[in-house]
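Each chain is listed here by its residues.
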Amino acid sequence: MSSRAFLGSVGFLSFATVYNNLVVSPVIVEIARDMGVTVGTAGLLVTAYGIPGIVVGILAGPLSDRYGRKGFLVGGGAVMSVLTLLGAAAPGFAHLLLTRVGAGVGAAVLFPNLTAAVADEFPYQQRGRAMGFVIAMNSMAPIVGVPLAGLIAGLTSWRLSFVAVGVLGLLAVGVVSRSRLIGPAVRQTELGTRELFSSILGDISVRGAVVSSMFGSVFWFAWITYVVAFFVERFGLSTATASLVILLTGVGIVIGSQVGGRIGDRTGHKAVVGWTILVGSVLMLIETVVVHDLVLAIMVLLLLALATGARFATNTAMISELAPEARGTMLAINSSIVSVGIVAGTAIGGILVDSYGYEALGVMSALAGLAAAFVVWRFVTERTADIAAGEAID
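The shown structure was predicted, so the numbers you read here are calculated from the model rather than taken from an experiment.

Here the focus is the overall build of the protein chain. In terms of helices and strands, the protein chain carries 20 helices and zero strands. Taking all 394 residues of the protein chain together, the buried fraction comes to 60%. The long-range fraction of contacts in the protein chain, counting pairs at least 24 apart against all pairs at least 6 apart in sequence, stands at 86%. Of the roughly 14,500 Å² of accessible surface on the protein chain, a fraction of 69% belongs to carbon and sulfur atoms.

Written as structure tokens, this is what we have:
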């Protein structure tokens, strides 16, 4: 199987996974109205989706290091998609919340193994570009999926949006199940699970990277969960129109991931990670606190997405090489910590939106972004020097 075909199959599944994650955002106002809850309470659906990732992903990582990635990709995708379809038929908010927890279990298995499969396939000096491609693919979710979900909800019901996402996920699982290669067939490791975690977490760069990722997930998911509601409530747009505005988020992430990945491959990924989230934090404050003009808000949204896309590609590439001998476990740990950030960011964000407004949400997100930048600059040592030395010996 060629590298392009490999990236295509993984990218399609990544798109379906991120689309599933984002499906609540464009229809959050409709769900709140239909279920008789506040927008902040409806945001708990995103929190529920992230909760399983705290535990499930971290268990799946070591197993995939031993037995290969493909079974986890197929199984996780199937669980995620089927539970999303069940959510479309949920009779009440509690039932819908439970289906999102179940879908989150599948996604928790998927996320670390998607990135681990790509990292297995590509050497570090090419990995930023490869990660950029996959992130560009999953960024098609906000470009295509979010507006489509919003339009479907506006014309019919949010439930049909859930059906579309679930069916797409099953199609992606079918493509991956027919693939001949998903990373290495088996990655044997002599260490037990406890020893793997101990050896990885003993490295200060690993600890710094995952803490930075946690703050970064608070920064982004607290915002992206409520971004459609932000444009609906601040600027009086309809859900369908606001969803179309969010097209720019996906466009920006696609472009940013491509540019950031290539810059990181040439200059090192750490600097790109730090600077992009620092710039993003400033833009977050401008967007939520300063700007009250729609055109200007759209422009700032695009710049914020460009910075975020560059960080996504370079942060994933950097982390994938911090523990190459147990990459699945490393990425599972990071995914688990990111899930903590998603849960905290969306839950606190919902409280802030309901109680104090979007300005408070922006301040909280910006502070988390600044913390992420500080931690990665202060505590993370990139492995570029070690890799260059190894290549020179070869």
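Once you've had a look at it, read on.
Further remarks concern the packing of helix H7 (residues 93–121) against helix H18 (residues 327–355). Close contact between H7 and H18 brings their axes to 8 Å; oriented N to C, the two are set at 140°. Compared by their axis directions, H7 and H18 come out oblique. Considering only the axes of H7 and H18, their crossing is right-handed. Packed against H7, whose contacting residues are Phe111, Pro112, Thr115, Ala116, Ala119 and Asp120, the element H18 presents Arg327, Gly328, Leu331, Ala332 and Ser335 at the interface. A breakdown of the residues in the contact of H7 with H18 according to their chemical character gives six nonpolar, three polar and two charged.

With that out of the way, let us pick up the pattern of salt bridges. Across all of its chains, the model carries two salt bridges by this definition. One salt bridge in this structure joins Asp34 and Arg159, with 3.5 Å as the shortest N-O distance. A residue pair is termed long-range when its members are at least 10 positions apart, and Asp34 in helix H2 (residues 28–35) and Arg159 in helix H10 (residues 158–177) qualify at 125 residues. The partly exposed category is assigned to Asp34, whose relative accessible area is 44%. Between Glu359 and Arg234 there is a salt bridge whose closest N-O contact spans 3.0 Å. You can see Glu359 sitting in helix H19 (residues 358–379) and its partner Arg234 sitting in helix H13 (residues 227–235), a full 125 residues away along the chain.

Here the protein chain averages 81 in pLDDT, while 89% of its residues score no lower than 70. Below pLDDT 50 for its whole length, residues 182–189 participates in 31 contacts with residues either more than four positions away or in separate chains. This model gives residues 385–394 a pLDDT under 50, and the stretch forms four contacts once residues within four places in sequence are excluded.

For the rest of this paragraph, the subject is H19. For H19, with 22 residues, the first-to-last C-alpha span of 32 Å sits near the 32 Å given by 1.5 Å per residue. Listed as buried for H19 are Tyr358, Leu361, Gly362, Met364, Ser365, Ala366, Ala368, Gly369, Ala372, Ala373, Val375 and Val376. Close packing links the buried residues of H19 with helix H12 (204–224), H13, helix H16 (269–290), helix H17 (294–320) and H18.

Attention shifts here to the packing of helix H6 (residues 70–87) against H10. Running from N to C, H6 and H10 point in directions that differ by 160°, and their axes come no closer than 8 Å. Between H6 and H10, the angle falls in the class roughly antiparallel. Considering how the two elements wind past one another, H6 and H10 form a crossing that is left-handed. Taken together, the residues of H10 that come into contact with H6 (itself represented by Lys70, Leu73, Val74, Gly77, Ala78, Ser81, Val82, Thr84, Leu85 and Gly87) are Trp158, Arg159, Phe162, Val163, Val165, Gly166, Val167, Gly169, Leu170, Val173, Val176 and Ser177. Of the residues belonging to the contact of H6 with H10, the class tally is 13 nonpolar, seven polar and two charged.

Another aspect to go through is a nonpolar patch on the surface. A cluster of nonpolar side chains, contributed by Val282, Leu285, Ile286, Val289, Val290, Val363, Leu367 and Leu370, occupies part of the molecular surface with about 610 Å² of accessible area. Looking at the nonpolar patch, the elements with two or more residues in it are H16 and H19. The greatest single-element share of the nonpolar patch, amounting to five residues, is contributed by H16. By the element assignment, Leu367 lies in helix H19. The exposed category is assigned to Leu367, whose relative accessible area is 53%.

What follows deals with the packing of aromatic side chains. Inspection of every chain in the model, using the stated rule, returns nine aromatic pairs. A centroid spacing of 5.2 Å and a plane angle of 90° characterise the contact between Phe230 and Phe231, whose relative ring orientation is edge-to-face. When its relative accessible area of 0% is taken as the criterion, Phe231 is described as buried. Over the ring of Phe379 we find Arg378, and its NZ or CZ is 5.1 Å from the ring centre.

Turning our attention to the nonpolar core. Counting residues in hydrophobic clusters, the biggest one holds 68 residues, and the most contacted among them are Phe162 and Phe231. Setting aside its immediate chain neighbours within four residues, Phe231 contacts Gly236, Leu237, Ala242, Val245, Ile246, Glu287, Leu294, Ala297, Ile298 and Leu301. If you look at the next biggest cluster of nonpolar residues, it comprises 23 residues, including Ala16, Ala107, Phe122 and Val134.

A word on the environment of Ala78. Examined against the element boundaries, Ala78 turns out to sit in helix H6. A sequence separation of 88 residues divides Ala78 from Gly166, and the C-alpha atoms of the two residues are 9.1 Å apart. Apart from residues no more than four positions distant in its own chain, Ala78 is found in contact with Leu170 and Val173.

Rules used throughout
- Residues numbered from 1 in each chain as written.
- Predicted model: local features only at pLDDT ≥ 70, side-chain atom pairs only at ≥ 80, totals over all residues.
- Heavy atoms only, no water.
- Helix = DSSP H or I, 4+ residues; strand = E, 2+ residues; numbered from the N terminus.
- Buried < 20%, exposed > 50% of the residue type's maximum accessible area, 1.4 Å probe, protein only.
- Contact = heavy atoms within 4.5 Å.
- Areas by Shrake-Rupley, 256 points an atom, 1.4 Å probe, with all protein chains shown as cover.
- Axes fitted to C-alpha atoms, helices over the stretch in contact; angles between N-to-C directions.
- Parallel < 35°, antiparallel > 145°, perpendicular 65-115°, else oblique.
- Left-handed = near helix turned anticlockwise from the far one by under 90°.
- Nonpolar A, V, L, I, M, F, W, Y, C, P; charged D, E, K, R; others polar.
- Salt bridge = Lys/Arg side-chain N within 4 Å of Asp/Glu carboxyl O.
- pLDDT = per-residue confidence, 0-100.
- Expected span 1.5 Å × (residues − 1).
- Patch = residues over 30% accessible without salt bridge, like charges linked within 9 Å, V, L, I, M, F, W, Y side chains within 5 Å.
- Phe/Tyr/Trp six-rings, centres within 6.5 Å; stacked < 30°, edge-to-face > 60°.
- Lys NZ or Arg CZ within 6 Å of the ring centre and 35° of its normal.
- Core = buried A, V, L, I, M, F, W, Y, C linked by side-chain atoms within 4.5 Å.

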